[in-house]
Amino acid sequence: MNGVFSSLSAGRWTLLVGAVVLATLFPVAYHDPYYMTVIVTAEIVLILNISWNFVLGMAGVWNFGQLAIYALGAYGGGWVMLHARWVPVPLAILCGGLFAATVSVLLAFPTLRLFGIYTSLLTFAFSQVVQYVALNDPGGLTGGAFGFPAVPGLFPDLGPAASLRGYYWVCAAVIAISMAALAWLRQSHLGIALRSIRDAPAYTASRGIDPRSVRIAAFGLSGFLAGIAGSLYLCFQQSITTSQMGLSPMSIDVTMLVIGGLGTLSGPLIGTAVVTVIQTALISYPGWQLTILGAILLLIVIFVPGGIAGAISRSTQRVRAWVAEGEDSDSAPPPVRSPDTVRPSRFSDRST
Amino acid sequence: MTDFVAILTSALVYGSIYGLVAIGMSLIYGTLRILDMSQGSMVMVGGYVGWSALVKYGANPVVALVLAFVATFALGTITELISVQPLIGRRRDLDFEMVTFITTFAVAIVLTNVALQHFGPFQKNVPPIVAGSLHVYKGVSISYHELTMAGISIALIAALGLFLGRTRWGLAIRAVAQDIDAARSVAVPVTRLYPATMGLASGLAGVGGVFLAALYFASPTAGDLPLLQALIVVVLGGLGSLIGTLYAAYLVGLMQSLCEVEIGTTWSLPILYGAILLVLVVRPNGLKGSPSAARL
């Protein structure tokens, strides 16, 4: 743990602690039930996005089956909640996470031999097939088109306002723990192996790191978190329908990840916040929400590659370079690494 | 025997329409190295153009098909100009295939929701192109509409083959697919070829959309299932391989009709998916694809 947190400067520490304290105290001061519901829903989506960002952005595996994993986590957790009532609800949520992790690891196996676009096709088709089967479920496990039967949830004894606050804090804790774990994981052995496999698979394998086990680990961890998000969603909303893994939630989540910045630590947080604000602002024009989000997604990919987090880190780099130039005008300014010059056009380095 | 004939006829019909939608995807991947996620929306748009022409204005079916082709050709060209052209040669934080996967997906989102706004969520009935049906064998009959669909699909795929094999533009497209640098060095206008290729593929999907709309309905989400099926077909056949796509289309059609006759419709998609999974575990690049690692 030391490696991550000792690297933070004092200013960043203050910012981080301040943000955590503010986020913790927020529901004490704020009570509007409508916006609290919006915020808690966004928190659950954020947990899902953190898990997806881990496998998609950091590990660089084109997994587009994450929403099915998420829904399966909800079904797994819900099954425990309904059929094994002696299990405490938090444990049932963990069971949902474990079930999702198992499915995710199973999904990882066929993708081991696949590259890039084939992985995305296989996992995308996986999510569509899971949705199709859940919708036409012959065994009655998922509730089909009507959705999963109501579950008691985490706080069956509390009033609506208190339980909203409870969910807020539970989700915030999950977010804080998972983000801290990711920050630690990024500089751990596994995190470095993941990034190096993403950037240079052949070289990494030649250095004795097994790409398969690393990929399976990435799928398992991300699936676990997605399953927890799914179970939390089920507890909070009291129900889950198959439309949760449809194309429109998927497009919203992809938009969040890309707007925030794929593969960055703060990307999901920024993206989820921005998109939730846009969605809430457009609530009176429900038909135009996705159209506008799709257009924003397109514009961000074309004009702001790396998303908002990428743009912020680029501009702070530029400011630092400018400051360093002023302080020490004799030495040459550190070159700002422009992403355009990192690699040549893909068309020139292709050998067939 | 009846089962056998039924399976074969529906395999022919399904396979032809899958081939028509999927071959465009494979062509685009072979030429541009992008997976066009807007292909499903083109099926949807084709369905709505067919509905407008046939039901709203009472036009001739041939006119409807041509209109659908022209409209989706134009839309495909515009899609390429908006979502792919600005990204060419700008390999930034994400690689080209991933970025274009996302941008074409974004176009699909926008198209679906614009259709939802303009036409509403209700399904539109589209009449068959040709009424009536043909009796094939004891109890097995095939509607003329399906027969026309299979016939026109096969004719279009054959025409595409001729276009790619005999004409100047077709040869240029194949040259780019094989070796882009060599194609550039003999003055193939690569940047002008891209929109045309995507337009062509979208046009084929649009024609397929008119037929599919008469089989099912025209609705904003009418493109989702064809997209999924086309994805399964191109993965099975190997991206970029047109012959492989064609084989895979009929194979998928056969498997689907087999499942539907013997087991039931509910399980046909999962079983198909399981089969694809097995194929990919054994052959990671599909039946006819070349290793993608060599291209990257």
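All values derive from a computational prediction rather than experimental measurement.

## Some points on the overall build of chain A
1) Next: Across its full length, chain A carries 14 helices and 0 strands.
2) Next: Ordered by position from N to C terminus, the α and β elements of chain A give α-α-α-α-α-α-α-α-α-α-α-α-α-α.
3) Next: Looking at chain A as a whole, 49% of its 352 residues qualify as buried.
4) Next: Within chain A, residue pairs in contact and separated by at least 24 positions form 76% of the contacts whose partners lie at least 6 positions apart.

## Overview of the confidence of the model for chain B
Residue and element names in this part refer to chain B.
1) Next: Residues with a pLDDT of 70 or more make up 95% of chain B, whose mean pLDDT is 82.
2) Next: Ranking the elements of chain B by mean pLDDT puts helix α12 (residues 292–295) last, at 38, and helix α3 (residues 61–83) first, at 91.
3) Next: Taken together, the stretch residues 292–296 has pLDDT below 50 and engages in 11 contacts with residues farther than four places along the chain or on a different chain.
4) Next: Overall fold confidence (pTM) sits at 0.82, and the ipTM for the predicted complex is 0.80.

## Things to note about the pattern of salt bridges
Residue and element names in this part refer to chain A.
1) Next: Tallied over the entire structure, the rule returns 1 salt bridge over all chains.
2) Next: A salt bridge links R198 to D199; the shortest N-O distance between them is 3.2 Å.
3) Next: Here R198 falls in the partly exposed class, since its relative accessible area comes to 34%.

## Let's talk about the nonpolar core
1) Next: Membership of the largest hydrophobic core comes to 184 residues, with the highest contact counts inside it found for F126 and L232 of chain A together with L35 of chain B.
2) Next: Here the element with the most residues in this core is helix α8 (residues 190–215) of chain B; it accounts for 14 residues.
3) Next: Ignoring anything within four residues of it in the chain, the contact list for F126 of chain A reads G65, A68, I69, L72, V103 and L107 of chain A together with Y273 of chain B.

## Description of the packing of aromatic side chains
1) Next: What the rule picks out here adds up to 11 aromatic pairs over all chains.
2) Next: Centroid distance F64 of chain A to F101 of chain B: 4.7 Å. Interplanar angle 50 degrees. Geometry classified as tilted. One end of the pair, F64 of chain A, is in the loop between α3 (33–58) and α4 (66–83); the other, F101 of chain B, is in helix α4 (residues 96–119), on a second chain.
3) Next: Residue F64 of chain A is classed as buried on the basis of its relative accessible area of 3%.
4) Next: Residues F69 of chain B and F73 of chain B carry aromatic rings whose centres are separated by 6.0 Å and whose planes lie at 35 degrees to one another, so their mutual orientation is tilted.

## Details of the state of the cysteines
Disulfide: a covalent bond formed between the sulfur atoms of two cysteine residues.
Residue and element names in this part refer to chain A.
1) Next: A full pass over the atoms with the stated rule returns 0 disulfides over all chains.
2) Next: Its sulfur unpaired, C95 is 12 Å from the next cysteine sulfur, which belongs to C235.
3) Next: Take C95: its relative accessible area is 31%, and that puts it in the partly exposed class.
4) Next: Here C171 stays free of any disulfide, with the sulfur of C235 as its closest cysteine sulfur at 9.5 Å.

## As for the packing of α3 of chain B against α8 of chain B
All names here are of chain B.
1) Next: Relative orientation of the contacting elements α3 and α8 amounts to 140 degrees, with a least axis distance of 6 Å. Taken as axis vectors, α3 and α8 run oblique relative to one another. For α3 against α8, the interelement crossing comes out right-handed.
2) Next: Considering only residue class, the contact of α3 with α8 consists of 14 nonpolar, 8 polar and 1 charged.

## Regarding the packing of α3 of chain A against helix α10 (residues 211–237) of chain A
All names here are of chain A.
1) Next: Closest axis-to-axis distance for the α3/α10 pair is 7 Å, and the angle between their directions is 165 degrees. In terms of orientation, α3 and α10 fall into the roughly antiparallel class. The hand of the α3/α10 crossing is left-handed. In this structure, α3 contributes T37, V40, T41, I44, I47, L48, I50, S51, F54 and V55 to the contact, and α10 contributes A218, F219, L221, S222, L225, A226, A229, L232, Y233, F236 and Q237.

## So, helix α1 (residues 2–32) of chain B
Residues and elements named next belong to chain B.
1) Next: With 31 residues, α1 should cover 45 Å at 1.5 Å per step; its first-to-last C-alpha distance of 44 Å lies within 8% of that length.
2) Next: For α1, the principal kink sits at L20 and spans about 30 degrees.
3) Next: The element α1 is largely enclosed, with a buried count of 24 among its 31 residues.
4) Next: Looking one or two places after α1, you find R33, whose phi comes out positive at around 60 degrees.

## Some details on unusual backbone geometry
1) Next: With phi around 70 degrees, Q238 of chain A is a residue other than glycine that occupies positive phi space.
2) Next: With respect to the secondary-structure elements, Q238 of chain A resides in the loop between α10 and α11 (247–260).
3) Next: Exposure remark for Q238 of chain A: the relative accessible area of 32% places this residue in the partly exposed category.
4) Next: Even without being a glycine, A187 of chain B presents a positive backbone phi close to 65 degrees.
5) Next: Looking at the element boundaries, A187 of chain B is found in the loop between α7 (180–185) and α8.
6) Next: Judged by relative accessible area, which is 64%, A187 of chain B ranks as exposed.

The rules behind these values
Residues numbered from 1 in each chain as written. Chains lettered and ligands numbered in written order. Predicted model: local features only at pLDDT ≥ 70, side-chain atom pairs only at ≥ 80, totals over all residues. Heavy atoms only, no water. Helix = DSSP H or I, 4+ residues; strand = E, 2+ residues; numbered from the N terminus. Buried < 20%, exposed > 50% of the residue type's maximum accessible area, 1.4 Å probe, protein only. Contact = heavy atoms within 4.5 Å. pLDDT = per-residue confidence, 0-100. Salt bridge = Lys/Arg side-chain N within 4 Å of Asp/Glu carboxyl O. Core = buried A, V, L, I, M, F, W, Y, C linked by side-chain atoms within 4.5 Å. Phe/Tyr/Trp six-rings, centres within 6.5 Å; stacked < 30°, edge-to-face > 60°. Disulfide = S-S within 2.5 Å. Axes fitted to C-alpha atoms, helices over the stretch in contact; angles between N-to-C directions. Parallel < 35°, antiparallel > 145°, perpendicular 65-115°, else oblique. Left-handed = near helix turned anticlockwise from the far one by under 90°. Nonpolar A, V, L, I, M, F, W, Y, C, P; charged D, E, K, R; others polar. Expected span 1.5 Å × (residues − 1). Bend = angle between axes of the 7 residues up to and from the residue.

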